[in-house]
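Structure at a glance
Listed here are the chains, written in short residue letters.
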Amino acid sequence: MNEIVITGSTGVIGRRAVRELVAAGHRVTGVTRSARGRERLEDLGAGAVEADVFDEASLRRAFDGADAVVNLLTHIPRADRMADPSAWAENDRVRTEASAAIARAAQAAGVRRLVQESIAFVYADGGDAWLDEDAPVAGGGVTTTALTAERNARELFDGDTVVLRFGLFMGPDSGSTQGALEAARGGASIAIGPPGAYRPTLWLDDAATAIAAALAVPAGTYNVTDADPPTNAEIDAALAAAVGVDALRLRTPVEGPLARSQRVSSRRLREASGWAPRLRAGTETWERIAA
Ligand SMILES: NC(=O)c1ccc[n+]([C@@H]2O[C@H](COP(=O)([O-])OP(=O)(O)OC[C@H]3O[C@@H](n4cnc5c(N)ncnc54)[C@H](OP(=O)(O)O)[C@@H]3O)[C@@H](O)[C@H]2O)c1
């Protein structure tokens, strides 16, 4: 059993991680800033501690006695605001400033392991080639600060850092999943890249089991995605079938990290830990979520 403190513990991935780690027998404490967050954590069998995620001293107290800190803080805007760059300011702040405060506080508290959330969209376009963790990253757009958070976790913390580059979260409470379903019911695709581009996707429950696995793997960077990432065309075909339309209308192509083809391999994590996704999120989950 380990003492684990989680920042971002009340979000879509945080709640699942808490449940998974409690079930695995760890003592889990979630950092929260609200009474509602405290209630949610206690309902999941975890403890709660109030702290300011931008304040190192406050975090240092919250991390006291922890073996591992898991940072799952993000602040992603709703789908209807994503095109507005100013809507990403809080997310950028969380990824740049809070990740630095967390790494420094974990270091000062003598924590042995820091697990930092990142995103698989950081890679340069790889076409049909598989992309492992050593493939070139390009960042750009909203992914740039994910690379900053990775760097903070590696450079400001001397213990074992594990960076998890998650695919696009899919699940009933994922905003992008619900946005895609809504668009598909109106006959439209939300795929940003071309139909043949690969998209790293991930079932949210499988993200939680990967976090549990991250507590025992060698320090390093790991992709956490479907074992066989689908193309946009495959995703759209499964989505169309789930909502009962023949085919989805493609959108006008746009530039940016989400338009790149990223056939991201999660083999390193699977081999290091035995973790494996239970579903191919990009194609096997639409029907059950739509229902
Ligand atoms: N890989 C991916 O595809 C990916 C990754 C992340 C998010 N998303 C998507 O983005 C949408 C929103 O997710 P989200 O993770 O941003 O929100 P969320 O699910 O509400 O969780 C964010 C977590 O970070 C905390 N937090 C955020 N800003 C904070 C701040 N300034 N100070 C302290 N705590 C803060 C929240 O605490 P409070 O409860 O106190 O607000 C919460 O615990 C979801 O649809 C999710 O699927 C996707």
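Residues numbered from 1 in each chain as written. Predicted model: local features only at pLDDT ≥ 70, side-chain atom pairs only at ≥ 80, totals over all residues. Heavy atoms only, no water.

Taken together, 22 residues are adjacent to the ligand, and T10, T74, E90, F169 and G175 come closest. The backbone of G11 places a nitrogen or oxygen atom 3.3 Å from an oxygen atom of the ligand. Contact distances for the ligand include 2.5 Å between an oxygen atom and a side-chain N or O atom of T74. Taking 890 Å² as the accessible area of the ligand by itself, protein coverage stands at 80%. Sorting the residues of the shell around the ligand by element identifies α4 (89–108), β5 (113–119) and β8 (168–170) as the ones contributing at least two each. Tallied by class, the residues present in the shell around the ligand amount to nine nonpolar, nine polar and four charged. (Near = heavy atom within 4 Å. Polar contact = N/O pair within 3.5 Å; in protein donor to acceptor, adjacent residues only side chain to side chain. Areas by Shrake-Rupley, 256 points an atom, 1.4 Å probe, with all protein chains shown as cover. Helix = DSSP H or I, 4+ residues; strand = E, 2+ residues; numbered from the N terminus. Nonpolar A, V, L, I, M, F, W, Y, C, P; charged D, E, K, R; others polar.)

Time to look at the side chain of S261. By the secondary structure assignment, S261 is in the loop between α8 (232–243) and β11 (263–264). Beyond its immediate chain neighbours, meaning those up to four positions away, S261 contacts A124, D125, G126, G127, L131, G196, A197 and Y198. (Contact = heavy atoms within 4.5 Å.)

As a further point, take the side chain of T201. Here T201 is to be found in strand β9 (residues 201–203). Discounting residues that sit within four places of it in the chain, T201 has contacts with G167, L168, M170, T225, D226, P230, I235, A281 and G282.

What follows covers the sheet that holds strand β4 (residues 68–71). Pairing is parallel in the open sheet, where seven strands are placed in the order β3-β2-β1-β4-β5-β7-β10. Single-partner strands in this sheet number two, and they are β3 (47–50) and β10 (220–224). Strand-to-strand twist across the sheet, computed as the mean angle between neighbouring axes with direction ignored, equals 20°. Of the strand pairs in this sheet, strand β1 (residues 3–7) and strand β2 (residues 27–32) are connected by four bridges, and their pairing is parallel. Among the inter-strand pairings, V5 is bridged to a residue of β2, identified as T29. (Pairing = 2+ DSSP bridges. Axes fitted to C-alpha atoms, helices over the stretch in contact; angles between N-to-C directions.)

The topology assignment puts E56 in helix α3 (residues 56–62). Overall, the relative accessible area of 34% leaves E56 in the partly exposed class. In sequence terms E56 and A105 are 49 residues apart; their C-alpha atoms lie 5.3 Å from each other. (Buried < 20%, exposed > 50% of the residue type's maximum accessible area, 1.4 Å probe, protein only.)

With that settled, consider the pattern of salt bridges. Overall, the coordinates contain 20 salt bridges when judged by the stated rule. The shortest N-O distance in the salt bridge between D160 and R113 comes to 3.3 Å. Linking D160 in strand β7 (residues 160–166) with R113 in strand β5, this pair joins segments that are 47 residues apart in sequence. Salt bridges here are not isolated pairs; linked through shared partners, they connect R15, R16, D173 and D205. (Salt bridge = Lys/Arg side-chain N within 4 Å of Asp/Glu carboxyl O.)

So, about the nonpolar core. One finds I6, I13, L164, F166, I211 and V224 to be the most contacted residues of the largest nonpolar core, which totals 32 residues. When contributions to this core are tallied by element, the ones reaching two or more residues are β1, α1 (12–23), β4, β7, α7 (204–213) and β10. Among the elements that take part in this core, α7 stands out by supplying six residues, more than any other. One finds V31, A103, A105 and L114 within the second-largest nonpolar core, a separate group that totals 22 residues. (Core = buried A, V, L, I, M, F, W, Y, C linked by side-chain atoms within 4.5 Å.)

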